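This is what each chain is made of:
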Amino acid sequence: MKKGCIQLIGVDLEPSASLPASALEKCNTIVVSKRFRQLLPDLYPEYQRCEIIPITPLEVAISLIHERLASGDVAVLATGDPLFFGIGKRLIDTFGHENIFVHPACSSVQHAFSRFGIPWNDSSFLSLHGRHESNYIGTILSRNKIAILTDSTNTPDAIASALYEFLGDDTPDTTLYVAENLGMNDEKLVSGTISEIAAKRFGSLCCMLVVRNSAPPEGLPYFGLSEADIVHSRGLITKNEVRAAAIHALGVPAHSIFWDVGAGSGSVGLEIARMVPDALVYSIERNTEQHDNILANTQKYAVQNQKLIKGQAPEALLGLPAPHRVFIGGSGGNLSDIIAYCSKRLCSGGRIVVTGVLEKTCRDAPEYMHRASLKVDTHRILVQRNTYPPCEETVFNPITIIVGQKS
């Protein structure tokens, strides 16, 4: 007998939705969730001629689909568009795309945007439904508009609370929209600020939209802000060439936690926050004048995934999430203690980068890293700037970049 195909059918959330009879007429089996099982009499009145299989547990359902395909087509019902964070990918990976016909309906995200009257062609998307993302805050904060699928753990109020915890009272001009139980009798639409949504309670079937009301400036380089572009005081800023070399040595991955210790004006953290938008950047600085500079730069470039931590390291590092990368631009005389603490907290495979001008720093930093069982490399660069036609030459002190890698 010829092997059947999977008819992967999206079910619209609207109460008037129905299923395509042409796709179901050759199906002897329907795989369906508990929710849609209750709706089958309205969605497909002829459902009783078919064997009904629950979609959970999924492994059991997939095994039964394999068996039932030997005698004909199998219908799998899914919410909205099955290829949009749905079961479609798993079925395609298992059975092959050539054995699956997809009949999409409007996704919950489309319905949510339409309910609130918000265009969605420029949106990003994130699913936290049944997922355990290690760092989703950076992803949300670095997008101008993002739609999030939630679940019973990652509820809209839990996500808003996590955003508020990172941002503190200085929350940006952002509106959160929550569509709960779309298409059901108890559908609820709510909007508000981050703190207002954090104070409410929501169920598991929600779609959440996070929209910035003021967009970042356009036309800026993806990487390569100059010293003149960054607010700083008295020339205290990591020079362009050194900043570029240090960021290259750091190799900051996506979704990472980055500590900028002795951040000064926050230039290194600012570049990384813009270049690696899914990362969370913690700029640790004790000097109040530099606090103003860091805040001025984050405001100037509308950077939301960079946070100022006021205080002296290593004490100011207590309570921060474990870093994947650490840059130490200043130590206030505590280099030994800072490297010791950072190396203990550093994630596996993480890196610590120190820039040294003083001979003492260049000598001591590798030794401190070695004591902390890090693999150490050093690189020395000399920055010389010339204009053309020749009229001005600037030569800076040599800079040693010390890199410690955790195994």
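For the structure given in this document, a descriptive report is provided here. Computed from a predicted structure; not experimentally measured.

### Here's the deal with the sheet that holds strand β3 (residues 51-54)
Item 1. The sheet built from 5 strands is open, its strands ordered β3-β2-β4-β1-β5 with parallel pairing. Where the open sheet ends on each side, the last strands, each with one partner, are β3 and β5 (100-103). Averaged over all adjacent pairs, the angle separating strand axes in this sheet is 25 degrees, with direction ignored.
Item 2. With 4 bridges connecting them, strand β2 (residues 27-32) and β3 associate as parallel partners. Residue pairing for β3: T29 is matched across the bridge by E51.
Item 3. Strands β1 (6-11), β2, β3 and β4 (73-79) of the sheet are contacted by helix α3 (residues 58-68), whose axis makes an angle of about 150 degrees with β3.

### Overview of the pairing of strand β14 (residues 325-328)
Item 1. Of the two faces of β14, the one lined by R325 and F327 and the one lined by V326 and I328 are each fully buried.
Item 2. The pairing of strand β11 (residues 257-261) with β14 spans 4 bridges and is parallel. Across the sheet, residue F258 finds its bridge partner in β14, namely R325.
Item 3. Where β14 and strand β15 (residues 351-356) come together, 4 bridges link them in parallel fashion. The partner of V326 across the bridge, within β15, is I352.
Item 4. On the question of chirality, the crossover connecting β14 to the parallel β15 by way of helix α12 (residues 335-345) is right-handed.

### With respect to the sheet that holds strand β10 (residues 206-212)
Item 1. If you trace the 5 strands from one edge of the open sheet to the other, you get β6-β7-β10-β8-β9, paired in mixed fashion. Edge positions in the open sheet fall to β6 (124-127) and β9 (188-192), since each of these has one partner strand only. Averaged over all pairs of adjacent strands, the angle between their axes in this sheet comes to 15 degrees, without regard to strand direction.
Item 2. Across 5 bridges, strand β7 (residues 145-149) lies against β10 in antiparallel orientation. Bridged to K145 within β10 is V211.
Item 3. Along the sheet, helix α5 (residues 108-116) contacts β6, β7, β8 (174-180), β9 and β10; its crossing angle with β10, the most-contacted strand, is approximately 55 degrees.
Item 4. The sheet strands contacting helix α7 (residues 156-167) are β7, β8 and β10, and the helix crosses β10 at an angle near 30 degrees.

### Focus on the environment of I30
Item 1. By the element assignment, I30 lies in strand β2.
Item 2. Accessibility expressed as a relative area gives 0% for I30, which makes it buried.
Item 3. As a C-alpha pair, I30 and Y47 span 17 residues in sequence and 8.0 Å in three-dimensional space.
Item 4. The residues contacting I30, other than those within four sequence positions of it, are L24, Y44, Y47, C50, E51, I52, I53, A75 and L77.

### Thoughts on the packing of helix α9 (residues 240-250) against helix α10 (residues 267-275)
Each pair of packed helices can be summarised by the angle the axes make with each other and by the distance between the axes.
Item 1. Following both chains from N to C, one finds α9 and α10 inclined at 55 degrees, their axes separated by 10 Å at the closest point. Put simply, α9 runs oblique to α10. Crossing geometry of α9 relative to α10 is assigned as right-handed. Counted together, R243, I247 and L250 of α9 and S267, V268, E271, I272 and M275 of α10 form the full contact between these two elements.

### Considerations on the packing of aromatic side chains
Item 1. Scanning the entire structure with this criterion turns up 7 aromatic pairs.
Item 2. Both rings, one in F166 and one in Y282, keep their centres 5.5 Å apart while their planes meet at 80 degrees; by these two values the pair is edge-to-face. Residue F166 is found in helix α7, and its partner Y282 is found in strand β12 (residues 280-285); the two are separated by 116 residues along the sequence.
Item 3. Under the relative-accessibility criterion, Y282 is labelled buried at 7%.
Item 4. Measuring from centroid to centroid gives 6.4 Å for W259 and Y341, while their planes differ by 10 degrees, and the two rings are stacked. Here W259, found in strand β11, pairs with Y341, found in helix α12; they are 82 residues apart in sequence, far enough to count as distant. When sorted by exposure, W259 lands in the same class as Y341, which is buried.
Item 5. Grouped by ring-pair contacts, the aromatic residues F84, F85, F113, W120 and F125 constitute a single cluster.
Item 6. Looking at K307, its charged tip hangs above the ring of F166, at a distance of 5.6 Å from the centre.

Thresholds, definitions, all that
Residues numbered from 1 in each chain as written. Predicted model: local features only at pLDDT ≥ 70, side-chain atom pairs only at ≥ 80, totals over all residues. Heavy atoms only, no water. Pairing = 2+ DSSP bridges. Helix = DSSP H or I, 4+ residues; strand = E, 2+ residues; numbered from the N terminus. Axes fitted to C-alpha atoms, helices over the stretch in contact; angles between N-to-C directions. Contact = heavy atoms within 4.5 Å. Buried < 20%, exposed > 50% of the residue type's maximum accessible area, 1.4 Å probe, protein only. Right-handed = clockwise from strand over helix to strand, strands pointing away. Parallel < 35°, antiparallel > 145°, perpendicular 65-115°, else oblique. Left-handed = near helix turned anticlockwise from the far one by under 90°. Phe/Tyr/Trp six-rings, centres within 6.5 Å; stacked < 30°, edge-to-face > 60°. Lys NZ or Arg CZ within 6 Å of the ring centre and 35° of its normal.

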